[in-house]
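This is what each chain is made of:
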Amino acid sequence: MLPGKSVRDEGDKPVKDHAANQAYDNAGITLDFYLKVFGRHSIDNRSMRVESAVHFGKNFGNAMWTGDRMVYGDGDQNVSGFTAALDIIAHELTHGVTQHMIAGGLGVVRVAPKDREFKEQTHALQGQSGALNESFSDVFGSMVKQWHAGQDVTQANWLLGEHMLAPQHGRAIRSLKDPGNRQLTWYEDEQFKNMDQYVDGADVHDGSGIPNHAFYLAARKIGGYSWEKAGPIWYEAFAKLKPKASFQDAARATTDVASQRFGVKSKECKAVMSAWQAVKVIT
Ligand SMILES: [Zn+2]
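First things first, this report covers the structure right here in the doc. (Residues numbered from 1 in each chain as written. Predicted model: local features only at pLDDT ≥ 70, side-chain atom pairs only at ≥ 80, totals over all residues. Heavy atoms only, no water.)

### Quick word on the coordination of the zinc ion
Quick note on the threshold: The donor definition counts N, O and S atoms within 2.8 Å of each metal and applies 3.2 Å to Na, K and Ca; water is not among these atoms, so some sites may look incomplete. Only four donors with every angle between 85 and 135 degrees are called tetrahedral; only four or six donors with opposite donors over 155 degrees apart and all others between 65 and 115 are called square planar or octahedral, in that order; all others are irregular. Each helix is a run of DSSP H or I of at least 4 residues and each strand a run of E of at least 2, with the numbering of both proceeding from the N terminus. Buried means the residue's accessible area, taken with a 1.4 Å probe over protein chains only, is under 20% of the maximum for its type, while exposed means over 50%, and partly exposed covers the values in between.
Taken together, His91 (NE2), His95 (NE2), Glu134 (OE) and Glu134 (OE) make up the protein donors of the zinc ion, found 2.0 to 2.7 Å from the metal. One can describe the site at the zinc ion as irregular: its 4 donor atoms subtend angles covering 51 to 130° at the metal. When the donors of the zinc ion are listed by position in the chain, the intervening gaps give H-x3-H-x38-E. Within this pair, whereas His95 is found in helix 2 (residues 86-101), its partner Glu134 is found in helix 3 (residues 127-149), the two being separated by 39 residues in sequence. Across this residue pair, the class does not change: His95 and Glu134 are buried.

Shown next as structure tokens:
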């Protein structure tokens, strides 16, 4: 039952529960990233208290943001290690950032009680706006991982959720570099890489491949560290999106921010524009 019993509060020493320590440490790194790189104070930018629940459910093979807190299962024989994965924790925490950044949320819909897989599943993501929400979490999950490792855009492998799948299933959950490439990820990866593959009503975790890849292409072309230029462009632009924003809206917003920050003829602005062209969101 959520929220569960508190085992480690802010500032407390490590406890016996390994998963609790991992969730604490990785949320700490992510909050530190948001503060140092973007000057953001916690999830809501008003220093809210951050809670993580571990050992959720029984062999629950997933992680989630519930609207109030991050929740991690222990996993099963197919997938596990959610609390050990910094990028997964940064992904979930970023869903909270998005919720507080965009009034009304981004692509968030209520789930009717009869359609819930489990009681706590009150909201879900839908459509292109939901895929943008997912993508923003992937992009920032990847960026936090790169920041923590001190990797530039060429050193990063752009994989999310490594070392979590049983070896026979694959080696990572997603690739921003090559969405849907099952050699790099896992045997049922169905992420789209461009609009030719997009179908209306697709799972937001598949649709997110398109904006994910746009970010990767823009960051690669700009060069250096992803959190220095491409990251701030995405951060500022996504905050301006409306709850039902489309991929085209995101393309327009990021291009606008890049041109305001660096000039319309700048390498940065051209990189952002050509990235959205490459994924066929704009022509
Ligand atoms: Zn997510």
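That shown, we press on.
### Re helix 5 (residues 209-222)
Each turn of an α-helix holds 3.6 residues, which means side chains three or four residues apart point in the same direction. Short version of the rule: Multiplying 1.5 Å by the helix residue count minus one yields the expected span of that helix. What makes two residues a contact is simply this: any of their non-hydrogen atoms within 4.5 Å.
Taking 1.5 Å per residue as the helical rise, helix 5 with its 14 residues ought to reach 20 Å, and the 20 Å between its terminal C-alpha atoms agrees with that figure. Counting buried residues along helix 5, 11 of its 14 residues qualify, which places the element largely inside the surrounding structure. Taken together, the buried positions of helix 5 are Gly209, Ile210, Pro211, Asn212, His213, Ala214, Phe215, Tyr216, Ala218, Ala219 and Ile222. In this structure, the buried side of helix 5 is in contact with helix 3, helix 4 (204-207), helix 6 (230-238), helix 7 (247-262) and helix 8 (267-278). Backbone geometry just after helix 5 places Gly223 at a positive phi near 85°.

### Focus on the pattern of salt bridges
Which entries qualify depends on this criterion: A carboxyl oxygen of Asp or Glu within 4 Å of a side-chain nitrogen of Lys or Arg is what we treat as a salt bridge.
Under the definition given, this model contains 17 salt bridges. A salt bridge links Asp32 to Lys36; the nearest nitrogen and oxygen atoms lie 2.9 Å apart. Of this pair, Asp32 and Lys36 both sit in helix 1 (residues 18-38), 4 residues apart, which is roughly one turn of that helix. Of the residues examined, Asp32 reaches a relative accessible area of 28% and is grouped as partly exposed. Put simply, Arg174 and Glu134 hold a salt bridge, and the shortest N to O gap is 3.7 Å.

Functional significance is not addressed by these values, which are geometric in nature.
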